[in-house]
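Architecture and fold: a report
Okay, here's what each chain looks like letter by letter:
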There are 2 protein chains.
Amino acid sequence: MSTREQALALDAQDPLAPLREQFSLPEGVLYLDGNSLGVLPRATPARVQQVVQDEWGTGLIRSWNSAGWITLPQRVGNKIARLVGAGADELVVADSTSVNLFKVLSAALSITVADAPQRKTIVSERSNFPTDLYIAEALCRERGFELVLSEPDELPTLLNGRTAVLMLTHVNYRTGRMHDMAALTAAAHAAGALTVWDLAHSAGAVPVDLHAANADFAIGCGYKYLNGGPGAPAFVWAHPRHASRFWQPLAGWMGHAAPFEFTPGYRPAEGISRYLCGTPALLSLAALECGVDTVLAAEPHGGMAALRAKSLALTRLFAAKVQADCPALRLVSPTSDVQRGSQVCFAHDEMAYAVVQALIGRGVIGDFRAPDVLRFGFTPLYLRHVDAWDAAEHLRQVLHTGEWREPRFQQRHAVT
Amino acid sequence: MSTREQALALDAQDPLAPLREQFSLPEGVLYLDGNSLGVLPRATPARVQQVVQDEWGTGLIRSWNSAGWITLPQRVGNKIARLVGAGADELVVADSTSVNLFKVLSAALSITVADAPQRKTIVSERSNFPTDLYIAEALCRERGFELVLSEPDELPTLLNGRTAVLMLTHVNYRTGRMHDMAALTAAAHAAGALTVWDLAHSAGAVPVDLHAANADFAIGCGYKYLNGGPGAPAFVWAHPRHASRFWQPLAGWMGHAAPFEFTPGYRPAEGISRYLCGTPALLSLAALECGVDTVLAAEPHGGMAALRAKSLALTRLFAAKVQADCPALRLVSPTSDVQRGSQVCFAHDEMAYAVVQALIGRGVIGDFRAPDVLRFGFTPLYLRHVDAWDAAEHLRQVLHTGEWREPRFQQRHAVT
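For every chain, the first residue of the written sequence is number 1, and numbering continues from 1 onward in sequence order. As they are written, the chains are lettered A onward and the ligands numbered 1 onward, keeping that order. Given that this is a predicted model, residues contribute local features only at a pLDDT of at least 70 and side-chain atom pairs are listed and counted only at 80 or more, while totals for whole chains, interfaces and linings are drawn from all residues. Side-chain measures were taken over the full set of non-hydrogen atoms in the model, leaving aside hydrogen atoms and water.

Within an unreviewed UniProt entry, the label attached to chain A reads Kynureninase, and the organism entered is Rubrivivax rivuli. UniProt positions are given in the numbering used here, feature names are shortened, and annotations may be inferred rather than shown by experiment. Entered under Subunit (unreviewed entry) in the UniProt record, the comment concerning chain A runs "Homodimer." Heading Function (unreviewed entry) of the UniProt record for chain A holds this comment: "Catalyzes the cleavage of L-kynurenine (L-Kyn) and L-3-hydroxykynurenine (L-3OHKyn) into anthranilic acid (AA) and 3-hydroxyanthranilic acid (3-OHAA), respectively."

This is the structure we're talking about:
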């Protein structure tokens, strides 16, 4: 196990350390929840004010042209594409992750109905993020498909001639376990099924190469590791072999080939732009661009590979110290680097919630995920090795002092 | 026809005149496009900065509880409800207008399938806003329904035992013609059909009473007369008799009865909250609240009825002067007050686009709607009678000088 001095020494040598200067980190906070809501970039407030005051306030409706609002979903999409191995003009920003999942899953089912109507199941992980399962469940009801859920290790055995789609979140939100996207995509394709990947806990956190994995569809979240701000719009990608093949049913005007011709019949845009729907939430979209830029700022320093190396160092350090100091907690994240995303989770049947609250009381912000998980996300853009060490030390103290037993840490909030 | 002096005299007596002080109107601009993008309220920049700097920057993830983010869709929804005759907790802010239309139309079709499966058509207006028709077209394809389009006067004759849903935009985006919501809803109900009303050009513009009209579903836009900012989120309402009856297929976690229990099966929230889907775009949602507040500020001055009276005075004044001065332009908005929304439109086969551009060159901002419409929206919160007079005078001058023939006014933009 490392010492605090060793952690400080690692920070002193860290070539990514200057990237932390891009962020407004509040005093007295150790923030291990960038996988739920990324930190505010320093550039964002001024950019949002520019959009509000100049582009909206002064430019008004003219800003759709003069400020480039109309192409912002594509512009920001092209930036995100560089982080996930998508090609230029293959990815757009739109709507929420849930809504985008509905679009791509609808398209994937339409492809199935056309090419392989005997395939009737969507396979996913039982502990996938619930909104993904809810959207799939609703679509299955509508379209006469069946949702088949399993443990992660059993997934390959469930892929067969009945499988329409393998739908997975690349990095599990509760455990931080990362699937092998290329291997599972190959297994799905070998079984004749399509793949839909949710990159919510991957984009900006771990290297993703959608083309190398030969994935079919992907979606992702703007407000976690992309630092886009609360409820930032999400993104959607379809492999070019699929992008223009079917409409998705959210056939709004922004996905039309010529939205301002105002023709009554829907004619979808070529390519991924048909996955746009209504008018984008511009303030949130502009903030997202600032967040994505903070990740792209790592490109001269080695990009996602360098961020990944640091992330692994942080999660290793934290997990090792907590395991050594807090044997009461059960590590639920993989110890193997290749299977672990950018987070470390522990479980405890009784005290998980209260321990998280006690940590928050100390300014160490992680989160609780029902029913029993303590979750700690590590964003290498703004976290230092010493932060990982200090957070683990706070956790040790909260357990060893019994601080978590204080009544104020038992009280449940609406969002936890 | 009135004179400029008479217009000024009306402004001097206008009890709503102080409401204009709520807005940041750019110098040298006469803005007649609040029906496309409302003007920036003075309160918005500071509020957005508060959300960005304090709630996001400092509060971080804690703000879902401490800043009330988690209930903001309901809080802003309850404010909008007061403007459209909806009850408390019957209306929420979510997603875009297009996405919300998909939700309510899906629900209406589900009700039809359950109660009256022989009904197979959605009836709408041929010149309805295209995104509404696109969404309906896509749903019809998915669900085996047929979209039947007609001219507005023929609508009642098309309602019959085959009709599932009458789907209309209350005020037409091109002509400004306003449907009689109560009469058409009664006709639809008499034929056994449900109604879906798009209030994009109504909310904050004309009095709407969803309960008095006995409407079934409604959606609307946040960035037009509600002054919520570019791409502000939209709203959705279902009559309480329908709200809890069916899921809508965009079954995201924010519409779940207990989103933070993270249970794998979807259990929809009671009432309208099940029409939420993903995480809301918080910056845009916070800006929307400021915009809605500018409309609610009229309540002590007579509310929507007073705003409506002023709007009618403005549109009458403008239409009368343009008709007198510019006989080449064909009025396409109704002359009857009860049939006219808060806009005045003229048509011209050749010069519509260039005339609008020439007006914009003079700082008089209206918009062109393909193929031949010059559209002028009147937001009584911030427009004066003299603005209506001056705008009409600019239009007269653009036509009479031939200024619109200048080549720079012929060049098409992406968004017009």
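1. Some words on the interface of chain B and chain A
Pairs of residues are marked as contacts when any of their non-hydrogen atoms sit within 4.5 Å. Taken residue by residue, the interface counts 82 residues in chain B and 83 residues in chain A. Summing both sides of the interface, chain B and chain A together bury roughly 7100 Å²; the carbon and sulfur share of this comes to 70%. Throughout, buried area stands for the accessible area (probe radius 1.4 Å) lost by two parts on being put together, summed over both. Ranking the residues of chain B by area buried against chain A places W56(B), Y134(B) and F262(B) at the top, with a combined share of 11%. For this analysis, a salt bridge means a side-chain nitrogen from Lys or Arg found within 4 Å of a carboxyl oxygen belonging to Asp or Glu. The tally of links from chain B across to chain A stands at two salt bridges. With a closest N to O distance of 2.9 Å, R143(A) and E142(B) form a salt bridge. Here a polar contact is recorded for every N or O atom pair within 3.5 Å, except that within protein the pair must consist of a potential hydrogen donor and a potential acceptor, and residues adjacent in sequence are included only if both atoms are side-chain atoms. At the boundary of chain B and chain A, one finds 17 residue pairs in polar contact (both at pLDDT 80 or more). Under the DSSP-based scheme used, a helix requires at least four consecutive residues in state H or I and a strand at least two consecutive residues in state E, with every element numbered from the N terminus. Those elements that provide at least two residues to the side of chain B that touches chain A are α2 (44–58), α3 (63–66), α5 (97–115), α6 (130–143) and α11 (282–296) of chain B. Considering only residue class, the side of chain B that touches chain A consists of 47 nonpolar, 25 polar and 10 charged. Three classes are used: nonpolar for Ala, Val, Leu, Ile, Met, Phe, Trp, Tyr, Cys and Pro, charged for Asp, Glu, Lys and Arg, and polar for all others, with Gly counted as polar.

2. Some details on helix α14 (residues 385–401) of chain B
Residues and elements named next belong to chain B. If you check α14, its first and last C-alpha atoms are 24 Å apart, about what 17 residues at 1.5 Å a residue would give, namely 24 Å. Taken residue by residue, α14 has H385, V386, D387, A388, W389, D390, A391, A392, E393, L395, V398 and L399 as its buried positions. Against the buried residues of α14 lie α1 (4–13), β1 (30–31), α12 (303–325), α13 (352–361), β11 (364–365) and β13 (373–377). Downstream of α14 by one or two residues, G402 has phi in the positive range, about 75 degrees. Expected span of a helix, by definition, is 1.5 Å for each gap between consecutive residues, and there is one gap fewer than residues. Residue burial is assigned from relative accessible area. The probe radius is 1.4 Å, only protein chains are included, and a residue is buried under 20% of its type maximum, exposed over 50%, and partly exposed in between.

3. Considerations on the side chain of D198(A)
Residues and elements named next belong to chain A. Structurally, the position occupied by D198 is in strand β6 (residues 194–198). Put simply, D198 is tucked away with no salt bridge, and the nearest opposite charge, on K224, sits 8.4 Å away. Excluding anything up to four places from it in sequence, D198 contacts T97, D132, L168, T169, H170, I219 and G220. Only four residue types enter the tally: Lys and Arg on the positive side, Asp and Glu on the negative side, with His and both chain ends excluded.

4. Observations concerning the sheet that holds strand β3 (residues 121–125) of chain A
Across a sheet, strands are paired by hydrogen bonds formed along the backbone, either parallel or antiparallel in direction. All names here are of chain A. Whether two strands pair depends on DSSP finding at least two bridges between them. The seven strands lie next to each other as β2-β8-β7-β6-β5-β3-β4, forming an open sheet whose pairing is mixed. In this open sheet, the two edge strands, each paired with only one partner strand, are β2 (91–94) and β4 (146–150). Each neighbouring strand pair of the sheet contributes to a mean axis angle of 20 degrees, computed without reference to strand direction. Of the pairings in the sheet, the one linking β2 to strand β8 (residues 234–238) comprises four bridges and is antiparallel in character. Bridge pairing in β8 links A94 to A234. Across the sheet, helix α5 (residues 97–115) lies against β2, β3, β5 (163–169), β6, β7 (217–220) and β8, angled at about 170 degrees from β7, the strand it touches most. Simply put, an axis is a line fit to the C-alpha atoms, just over the touching stretch for a helix, and the angle between two N-to-C directions goes from 0 to 180 degrees.

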